[in-house]
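The primary structure of each chain is shown beneath.
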Amino acid sequence: MAKALTLLRTIRNNWKKSLFGTAAFSYGILYGKEVYETEQLMQQYCKEAARYGDAPCPTNVKPRHVAVILNPAAKKRKAKKLFDKYCVPLLHLAGIAVTIIDIQSGSHARNTIINLETPMDAIIVAGGDGTLSDVVTGLIRKYEGNLQSVKQCPIGILPLGNTNTIASRFFREYTDLSDIRHIIDATMAIVKNKLKLIDALEIKVLEDDSEKPIKPIYAVGGIKWGAWSDTHARIDKYWYWSYLRKYAAYVFNGYKSDLNWKCNMTLKYTNPCKGCSHCYSKEIFSDQSANSNRRWWHAFLPKTRQFISDNHIDYSKVINEDCAIFHELSISTTELHIKTENVNSRSVPSLEVSLGPDNVGYISFVKEGWKQEKYDEPPVNPVLDAKYIELYPKQKDKNRTFYIDHEEYDLKPIQIRLLPQSITMFCPENSKDE
């Protein structure tokens, strides 16, 4: 009893040291527990990956070879470390040859894909939404828009970026070690060769007066424009607030005049269409695919037009009078989001156009911004679905920006075209959309 009283008296007289020691001891226990659970998890999946690597390979089939486009600046420059620790062991144990290519910028990623001459079974993106968009852009440009050829090259996304909207679309919810489990799930999807088709966007600049026309870019998530998007892009500037920087950004930017408080635009759009004679009249005739399968003697045969469709429907006999009819809206809002079906599922392939409030006060702006960061609920409401969009911003300020898959682009009139089921992605088993 005397020893216990002495101990309590010592703690009372040195309460600051005792408090610090208790906190350090508790952190050490939690950290040790996390390390142990991570090792056990990796051991489990390494055994599973090794079973694929130990399986006999037919003599006429080459081992899989993938190219990894790694953005070393992603995840606060932790992407390479995480990739080496959690992804590389699983890929090697599965017998997959890996070629790692470090990229320095978006244009570097696009040019790397375009100039990639070594045949690869897949392209793996070790980064975030921006790197994925650059890889998709490079891949479609490489095949000059021939989507049938693009589909033949699967793309894997390892969620190692600051934003992983598309990757998280497929993940299950976990109560512990969620980030690590998501990285492992994405890697095992590549090992197991689980594939899924997703939509893409083709974005062209309208009214391009430059001598060298701007090439289209391609995205898989969507486009954002507005005050909340501007603030979200500035979060890292408040790094000194640590984990509170997401909330501090809205507090300190809620009164800034350089935010896109007024997104004034003319929006022209066509309604979604499952497929009709107009949709598949000229654009979806697979001229390039047909040419790739032609032989020298085909030059002497009469040319035939054939509709190419995954479900073998002859869309030349489907009539939709509303297809390609443009509707026009004049819009003034604080936030605009245009998303693909990959983010919000639809029975008919479409783009979801969502708008924020016409006006917003400081308190509401901060409140909605915090809600967006905490629950991933953007301050917008869906207003219409579309297949084809032309967007004409009325602002002429060069400092205003669009955010396409979270990457900044100059605010210009753009044309947005939906490319349904055009990208083949590796998808984890038991994903959220199943």
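Please read all numbers here as calculations on a predicted model, not as lab measurements.

**Q** Please clarify how the overall build of the chain should be interpreted in this entry.
**A** Looking only at helices and strands, one finds 13 helices and 16 strands in the chain. Within the chain, the fraction of its 434 residues that count as buried is 43%. Pairs at least 24 residues apart make up 80% of the contacts formed inside the chain by residues separated by at least 6 positions. Element-wise, carbon and sulfur atoms account for 53% of the exposed surface of the chain, whose accessible area totals about 24,600 Å².

**Q** I'm lost on the sheet that holds strand β12 (residues 381-386) in this one. Help?
**A** In space, the 6 strands of this open sheet follow the order β12-β11-β10-β7-β14-β15, with antiparallel pairing throughout. Where the open sheet ends on each side, the last strands, each with one partner, are β12 and β15 (407-410). This sheet shows a mean twist of 25° between the axes of neighbouring strands, independent of strand direction. Bridge analysis of strand β7 (residues 222-226) against strand β14 (residues 401-404) gives 2 bridges, and the strand direction is antiparallel. The partner of K224 across the bridge, within β14, is Y403.

**Q** Help me understand unusual backbone geometry in this model?
**A** It is generally the case that most residues other than glycine have a negative phi and that most peptide bonds are trans. A positive phi angle is found at K75, which is not glycine, with a value near 55°. K75 gets classed as partly exposed once you look at its relative accessible area, which sits at 25%. Phi angles above zero are rare outside glycine, and D405 is one such case at about 50°. Mapped onto the secondary structure, D405 falls in the loop between β14 and β15. The class for D405 is buried, based on a relative accessible area of 3%.

**Q** In this structure, what is going on with helix α6 (residues 129-142)? I would like to understand it.
**A** Residues that lie three or four places apart on an α-helix share one face, since the helix turns once every 3.6 residues. Relative to the 20 Å expected for 14 residues at 1.5 Å per residue, α6 spans 20 Å between its end C-alpha atoms, a close match to the ideal helical length. Among the 14 residues of α6, 12 are classified as buried, and the element is accordingly described as predominantly covered. Three or more residues of α6 are buried, namely D129, G130, T131, L132, S133, D134, V135, V136, T137, G138, L139 and I140. Of the residues one or two after α6, E144 is the one with positive phi, at around 50°.

**Q** Looking at this structure, I do not really get the pattern of salt bridges. What am I missing?
**A** Pairs can form between side chains of opposite charge whenever their charged atoms are close. According to the stated counting rule, one finds 8 salt bridges in the structure shown. D236 is the salt-bridge partner of R245, the closest N and O atoms lying 3.9 Å from each other. The class for R245 is buried, based on a relative accessible area of 16%.

**Q** Got a minute to help me understand the confidence of the model for the chain in this structure?
**A** Low pLDDT means the predicted atomic positions in that stretch should not be read closely. Counting all residues, the mean pLDDT for the chain is 82, and 83% of those residues have values of 70 or more. Mean pLDDT across the secondary structure elements of the chain bottoms out at helix α12 (residues 287-292), with 40, and peaks at strand β10 (residues 335-339), with 95. Note on residues 282-310: pLDDT under 50 across the span, and 26 contacts to partners over four residues away in sequence or across chains.

**Q** It is not clear to me how the environment of V88 should be interpreted in this structure. Could you clarify?
**A** Mapped onto the secondary structure, V88 falls in helix α4 (residues 79-93). Residue V88 is classed as buried on the basis of its relative accessible area of 17%. Separated by 99 residues in sequence, V88 and T187 place their C-alpha atoms 8.8 Å apart.

**Q** What's the story with the packing of aromatic side chains in this structure? I'm lost.
**A** The geometry of two aromatic rings is summed up by the distance between their centres and the angle between their planes. All chains considered together, the criterion is met by 10 aromatic pairs. The interplanar angle of 90° and the centroid separation of 5.7 Å between the aromatic rings of Y247 and W370 together place this pair among those described as edge-to-face. With Y247 in helix α11 (residues 245-253) and W370 in helix α13 (residues 362-375), this residue pair connects regions lying 123 residues apart in the sequence. With relative accessibility at 26%, the residue Y247 sits in the partly exposed group.

**Q** What exactly am I supposed to notice about a positive patch on the surface here?
**A** Among the surface-exposed residues, K76, K78, K81, K85 and K246 lie close enough to one another that they form a single positively charged patch. Relative to the helices and strands, K78 is located in the loop between α3 (74-77) and α4.

**Q** In this structure, what is going on with the packing of α11 against α13? I would like to understand it.
**A** Where α11 contacts α13, the two axes come as close as 9 Å, and the packing angle between them is 160°. With respect to each other, α11 and α13 are oriented roughly antiparallel. Pair α11 / α13 crosses with right-handed handedness. Across the interface between the two elements, K246, Y247, Y250, V251 and N253 from α11 touch Y362, F365, V366, G369, W370, Q372, E373 and K374 from α13. When its residues are assigned to classes, the contact of α11 with α13 shows 7 nonpolar, 3 polar and 3 charged.

**Q** Quick question: what am I supposed to make of α13 here?
**A** The first and last C-alpha atoms of α13 sit 20 Å apart over 14 residues, in line with the 20 Å expected at 1.5 Å per residue. Among the residues of α13, F365, V366, G369, Q372 and E373 are the ones counted as buried. Here the buried residues of α13 occupy an arc of 125° about the axis, which is enough to place them on one side. Residues of α13 that are exposed and point more than 90 degrees away from the buried face comprise I363, K367, K374 and Y375. Buried residues along α13 sit against α10 (227-233), α11 and β10. One or two positions beyond α13, positive phi appears at D376, with a value near 55°.

About the criteria used
Per chain, the residues get numbers from 1 upward, laid out in the order the sequence is written. Local features are withheld for residues below a pLDDT of 70 in this predicted model, meaning they are given only at 70 or higher, and side-chain atom pairs are given and counted only at 80 or more; totals for whole chains, interfaces and linings count all residues. Excluded from the side-chain calculation are hydrogens and water; included are all heavy atoms of the structure. What counts as a helix is a DSSP run of H or I of at least four residues, what counts as a strand is a run of E of at least two, and both are numbered from the N terminus. Summary of the burial criterion: residues with accessible area below 20% of their type's maximum are buried, those above 50% are exposed, and those between are partly exposed, where the area comes from a 1.4 Å probe applied to protein chains only. Throughout, a residue-residue contact means that at least one pair of heavy atoms, one from each residue, lies within 4.5 Å. Using a 1.4 Å probe, accessible areas were evaluated by the Shrake-Rupley method; residue-level cover was limited to the displayed protein chains. Only strands that DSSP links by at least two bridges are regarded as paired with each other. Lines fitted to C-alpha atoms define the axes here, with helix axes fitted over just the stretch in contact, and angles between the N-to-C directions of these axes take values from 0 to 180 degrees. A helix is expected to reach a length of 1.5 Å times the quantity of its residues less one. By convention in these notes, a salt bridge is any Lys or Arg side-chain nitrogen within 4 Å of a carboxyl oxygen on Asp or Glu. The predictor attaches a confidence to each residue, and that confidence, scored 0 to 100, is pLDDT. Side-chain rings of Phe, Tyr and Trp (the six-membered ring for Trp) are treated as a pair once their centres are within 6.5 Å; stacked means planes under 30 degrees apart, edge-to-face means over 60, and tilted covers the remaining angles. Residues form patches when they are more than 30% accessible in relative terms and have no salt bridge. Like charges link within 9 Å. Nonpolar side chains (Val, Leu, Ile, Met, Phe, Trp, Tyr) link within 5 Å. Think of it this way: Lys and Arg go in the positive column, Asp and Glu in the negative one, and His and the chain ends go nowhere. By convention, the point assigned to a charge is CZ for Arg, NZ for Lys, CD for Glu and CG for Asp. Each angle receives one of four descriptions, namely roughly parallel if under 35 degrees, roughly antiparallel if over 145, roughly perpendicular if within 65 to 115, and oblique otherwise. If you view the pair so one helix is near and one far, a crossing is left-handed when the near helix is turned anticlockwise from the far one by less than a right angle, and right-handed when it is turned clockwise. Classification convention: Asp, Glu, Lys, Arg as charged; Ala, Val, Leu, Ile, Met, Phe, Trp, Tyr, Cys, Pro as nonpolar; all other residues, Gly among them, as polar. Note that the arc is defined by the directions from the helix axis to the C-beta atoms.

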